[in-house]
Number of protein chains: 2
Amino acid sequence: MDLFHALSDEGNRLSALETKLARFALENVDFVVNSSIVELAEKAGVSPPTVTRFCRRLGCQGYSDFKVQLAKLAYVGMRYLTPEAPTATAEEVAQDIVSKAQNALFELHRQLDLAAIEKAAQLLRGADFIQAFGASGNSAMIVNELHNRLFRLGCRMNASNDHNMNLMISASVQPGTVVFGSSFTGRDMGLVHCLELMRQRGIPIVVITQHGSPVAATADVVIGIDLPEGKNIFRPTSTRYAFLAAIDILANMVAYADRNTSLKALRSIKEELVRNRDGDDRQLLGD
Amino acid sequence: MDLFHALSDEGNRLSALETKLARFALENVDFVVNSSIVELAEKAGVSPPTVTRFCRRLGCQGYSDFKVQLAKLAYVGMRYLTPEAPTATAEEVAQDIVSKAQNALFELHRQLDLAAIEKAAQLLRGADFIQAFGASGNSAMIVNELHNRLFRLGCRMNASNDHNMNLMISASVQPGTVVFGSSFTGRDMGLVHCLELMRQRGIPIVVITQHGSPVAATADVVIGIDLPEGKNIFRPTSTRYAFLAAIDILANMVAYADRNTSLKALRSIKEELVRNRDGDDRQLLGD
DNA sequence: GCTCAAGTGAAATTCATTTTCATGAAGTGA
DNA sequence: TCACTTCATGAAAATGAATTTCACTTGAGC
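Residues numbered from 1 in each chain as written. Chains lettered and ligands numbered in written order. Predicted model: local features only at pLDDT ≥ 70, side-chain atom pairs only at ≥ 80, totals over all residues. Heavy atoms only, no water.

Under the annotation held in an unreviewed UniProt entry, chain A carries the name RpiR family transcriptional regulator and is attributed to Neorhizobium alkalisoli.

The structure is reproduced here in structure tokens:
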């Protein structure tokens, strides 16, 4: 059961008053989870029985169950609806950044096209060599992170963040390569150009970017991520968390696509790390 | 009100049966949020009034309120208690990675020492130059990310991921520098060595690492993050999300510590980006 | 203009939660 | 050892909240 989707009423299955209730609930999550059915009915301008029917129609057992389900949603996923204040204290900043990051993850989970992830994982696992492109800070972090994840699994890979370099790399690409591109905006035209060169050379293209963007248009497999951007110029984009999680999921699927190779590579890394450190075997594979 | 801590009963303020209830609730969150007070009482072997009193003692209004609070916790923060299964389908992997990342953020928010963040922000904002050290993939990403955040705010900064380089940099450091070190394990002895060189030269040291670790011991300001590590060797550590959020919060506080300088630098970046792209002004500051 | 289906709220009913009160256990001081 | 107090607990009563029933309204379709 998916309360969030039910409340959005995509199928238009709710009546007029029920739609009103849905909107009210989404805009007043905190009020609703702390109110009785009578209070909610009064505030929303309907009768208690209407509320009960509303809850049932959304797939809940009754009003209490609805509140519980709503509370589960409340911590993450609902915060986009509250306006962004120019917060100033460390506490507010921390609260805001953490909840926005959690939202981004929540939304990613909702949107993520798992079939695309699987196709991408198959392509990457099957590649003789993976060339990743991503520039301008955010995407640079993402492709470097992908490199950090995949070399451990025994993949041969390079991540490059420099457009001129990318151009030369694209022009000299060898068959058997798979290219991976990242762009948060989807409008990195330098990247588009490189990907087109790759395409002309018959290289399979995987991208992580916004749906329907120029970057997406060049690709064989699109891992699409569309998140709203906050207005606070001082705040790093929370979309990075979603991209990072997508990379983690992708890397995990690449690992599972050939467990033996992955395991062997990881074990070798661990052995060397333990040998070169203090012999403590609980530590991370990489600091 | 903090249900999680109340349930852990650190102050030993709960009676025998209430302790039993607390343990039962933590171990059966899903059952509890879907049961009536009578069902819970029966299953836990107490009477309904005891449950009501228990809820009140935890700071809730009553049983329904308790369920709602528990449900809020249930989505994040409680998942560590469920054993990690060697999941295999893309759906399971996605679910697991996203919820672990959300947990990490949740825990970070709980643990984060905001006073340390503020002190660190003041130090960094006041520095003539910031030198960041972090190696081995994860910490490398973190310090590169810090660089990506801070240069935009007009901070002069370098991030270095190479131990030999770090050694030379440390040996030749100039007064006015502030050094920032990142280590997930806190046992990066190469980093400890560099930080000690810095300390001998009177350079203020900020670190993000585990409490009580060798790296933490070298520092003036410790941003401590202690998270449990999962057992699945194929899965990237979720601790990265917590570190990343800490960096975002820190960067935001640095920005607020001198809004004018930050704003001027950010505006300049935006202008140049818009001029060099398609004139679309909605885009991110960096792809 | 009639019929039927769907939507809605008032009142009655049911059910869940809380309060009251009595009991017993554990500790305290004479 | 014996009152005495305090606290924890559950049975039963009382309260209060949620749901069902039923009657009324509205609007679409014939």
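Caption draft 1: Up close: the overall build of chain A. For chain A, the count of helices and strands is 14 helices and five strands. Every one of the 287 residues in chain A was classed for burial, and the buried ones make up 55%. Considering only intrachain contacts with a sequence separation of at least 6, the fraction spanning at least 24 residues in chain A is 69%. Of the accessible surface of chain A, which amounts to about 12,100 Å², a share of 51% is contributed by carbon and sulfur atoms. (Helix = DSSP H or I, 4+ residues; strand = E, 2+ residues; numbered from the N terminus. Buried < 20%, exposed > 50% of the residue type's maximum accessible area, 1.4 Å probe, protein only. Contact = heavy atoms within 4.5 Å. Areas by Shrake-Rupley, 256 points an atom, 1.4 Å probe, with all protein chains shown as cover.)

Caption draft 2: Main features of the protein's contact with DNA strand C. Residues in contact with DNA strand C amount to 17 residues; listed here are only the nearest, Ser15(A), Ser47(A), Thr50(A), Ile37(B) and Arg56(B). Within the side chain of Thr52(B), a nitrogen or oxygen atom sits 3.0 Å from a phosphate oxygen of DNA strand C. Secondary-structure elements contributing two or more residues to the surface near DNA strand C are α5 (48-57) of chain A together with α4 (37-44) and α5 (48-57) of chain B. Its residues assigned to classes, the surface near DNA strand C comprises eight nonpolar, six polar and three charged. (Near = heavy atom within 4 Å. Polar contact = N/O pair within 3.5 Å; in protein donor to acceptor, adjacent residues only side chain to side chain. Nonpolar A, V, L, I, M, F, W, Y, C, P; charged D, E, K, R; others polar.)

Caption draft 3: Examining the protein's contact with DNA strand D more closely. The immediate surroundings of DNA strand D are formed by 17 residues, with Ile37(A), Arg56(A), Ser15(B), Ser47(B) and Thr50(B) found nearest. For DNA strand D, the fraction of atoms within 4 Å of the protein that belong to sugar or phosphate moieties is 75%. Between DNA strand D and Tyr63(A), the relevant distance is 3.2 Å, taken from a phosphate oxygen to a main-chain nitrogen or oxygen of the residue. Ser15(B) is positioned with one of its side-chain polar atoms (N or O) 2.6 Å from a phosphate oxygen of DNA strand D. The set of elements that each furnish at least two residues to the surface near DNA strand D consists of α4 (37-44) and α5 of chain A together with α5 of chain B. Looking at the surface near DNA strand D, its residues break down into eight nonpolar, six polar and three charged.

Caption draft 4: A look at the environment of Leu112(B). Residue and element names in this part refer to chain B. Summarising the element assignment, Leu112 is placed in the loop between α7 (90-111) and α8 (114-126). Distance from Leu112 to Ile225, taken between C-alpha atoms, is 7.2 Å for residues 113 residues apart in sequence. The contact partners of Leu112, leaving out residues within four places of it in the chain, are Ile117, Ile223, Ala246 and Ile249.

Caption draft 5: Region of the structure containing the nonpolar core. Ranked by size, the top nonpolar core spans 104 residues in total, and within it Leu150(A), Phe180(A), Leu250(A), Leu150(B), Phe180(B) and Leu250(B) carry the most contacts. Leaving out residues up to four positions away in the same chain, Phe180(B) has contacts with Leu124(B), Gln131(B), Ala132(B), Phe133(B), Val143(B), Leu146(B), Val206(B), Ile208(B), Ile247(B) and Leu250(B). Residues Phe4(A), Ala22(B), Val51(B) and Phe66(B) belong to the second largest nonpolar core, which totals 58 residues. (Core = buried A, V, L, I, M, F, W, Y, C linked by side-chain atoms within 4.5 Å.)

Caption draft 6: Structural view of the relation of the copies chain A and chain B. For the pair chain A and chain B, the relating rotation is 180°, the translation along its axis is 0.2 Å, and the fit reaches an RMSD of 0.3 Å. The superposition operator between the copies reduces to a two-fold rotation axis. Comparing interface residues between copies, 100% of those in chain A also sit at the interface in chain B, which points to an isologous, same-surface contact. (Least-squares fit on C-alpha atoms with pLDDT ≥ 70 in both.)

Caption draft 7: Structural context of the side chain of Thr239(B). Within the secondary structure, Thr239(B) sits in helix α13 (residues 239-257). When sequence neighbours within four positions are dropped, the list of residues in contact with Thr239(B) reads Phe184(B), Leu227(B) and Glu229(B).

Caption draft 8: Representation of the pattern of salt bridges. Scanning the entire structure with this criterion turns up twelve salt bridges over all chains. Asp248(A) is the salt-bridge partner of Arg240(B), the closest N and O atoms lying 2.3 Å from each other. In this pair, Arg240(B) sits in helix α13 while Asp248(A) sits in helix α13 (residues 239-257), so the two residues belong to two different chains. For the pair Arg240(B) and Asp248(A), a shared accessibility class is recorded, and that class is buried. Here the salt bridges do not stand alone but share partners, grouping Glu145(A), Arg149(A), Asp248(A) and Arg240(B) into one network. (Salt bridge = Lys/Arg side-chain N within 4 Å of Asp/Glu carboxyl O.)

Caption draft 9: View of the interface of chain A and chain B. Facing 74 residues of chain A, the contacting portion of chain B comprises 74 residues. Interface area, chain A with chain B, both sides summed: about 6,600 Å², of which 63% is carbon and sulfur. Here Arg240(B) and Glu145(A) are joined by a salt bridge, their closest N and O atoms 2.5 Å apart. When contributions to the side of chain A that touches chain B are tallied by element, the ones reaching two or more residues are α3 (29-33), α6 (63-75), α7 (90-111), α8 (114-126), α9 (138-150), α13 and α14 (259-276) of chain A. A total of 13 residues in the side of chain A that touches chain B trace back to one element, the largest contributor, which is α7(A). Grouping the constituent residues of the side of chain A that touches chain B by class yields 33 nonpolar, 21 polar and 20 charged. (Buried area = accessible area lost by both parts, 1.4 Å probe.)

Caption draft 10: Inspection of the sheet that holds strand β3 (residues 177-182) of chain B at higher detail. All names here are of chain B. Reading across the sheet, the five strands line up as β2-β1-β3-β4-β5 and stay open at both edges, with parallel pairing between neighbours. The two strands at the open ends of the sheet, each matched to only one other strand, are β2 (157-160) and β5 (221-224). Going across the sheet, the axis of each strand differs from the next one's by a mean of 15°, ignoring polarity. Judged from the five bridges that link them, strand β1 (residues 129-133) and β3 form a sheet pairing that is parallel. Paired with Ile130 across the bridge in β3 is Val178. (Pairing = 2+ DSSP bridges. Axes fitted to C-alpha atoms, helices over the stretch in contact; angles between N-to-C directions.)

Caption draft 11: How the structure looks around the pairing of strand β4 (residues 205-209) of chain A. Residues and elements named next belong to chain A. Judged by how many residues are buried, β4 sits mostly within the fold: five of five residues are covered. Of the two faces of β4, the one lined by Ile205, Val207 and Thr209 and the one lined by Val206 and Ile208 are each fully buried. Relative to β4, strand β3 (residues 177-182) runs parallel, the two being bridged by four bridges. Paired with Phe180 across the bridge in β4 is Val206. Relative to strand β5 (residues 221-224), β4 runs parallel, the two being bridged by four bridges.

Caption draft 12: A look at unusual backbone geometry. In this structure, Ser136(A) takes a positive phi of about 65° despite not being glycine. Mapped onto the elements, Ser136(A) comes out in the loop between β1 (129-133) and α9.

Caption draft 13: A look at the packing of aromatic side chains. Residue and element names in this part refer to chain A. Under the criterion given, the structure shown has eight aromatic pairs over all chains. Their ring planes at 35° and their centres at 6.4 Å tell us that Tyr63 and Phe66 sit as a pair that is tilted. Highlighted residues: Tyr63 and Phe66, both in helix α6, separated by three residues, approximately one helical turn. Cluster of aromatic residues (ring-pair linked, three or more members): Phe54, Tyr63 and Phe66. Above the face of the Tyr256 ring, Arg259 is positioned so that its terminal group lies 4.1 Å from the ring centre. (Phe/Tyr/Trp six-rings, centres within 6.5 Å; stacked < 30°, edge-to-face > 60°. Lys NZ or Arg CZ within 6 Å of the ring centre and 35° of its normal.)

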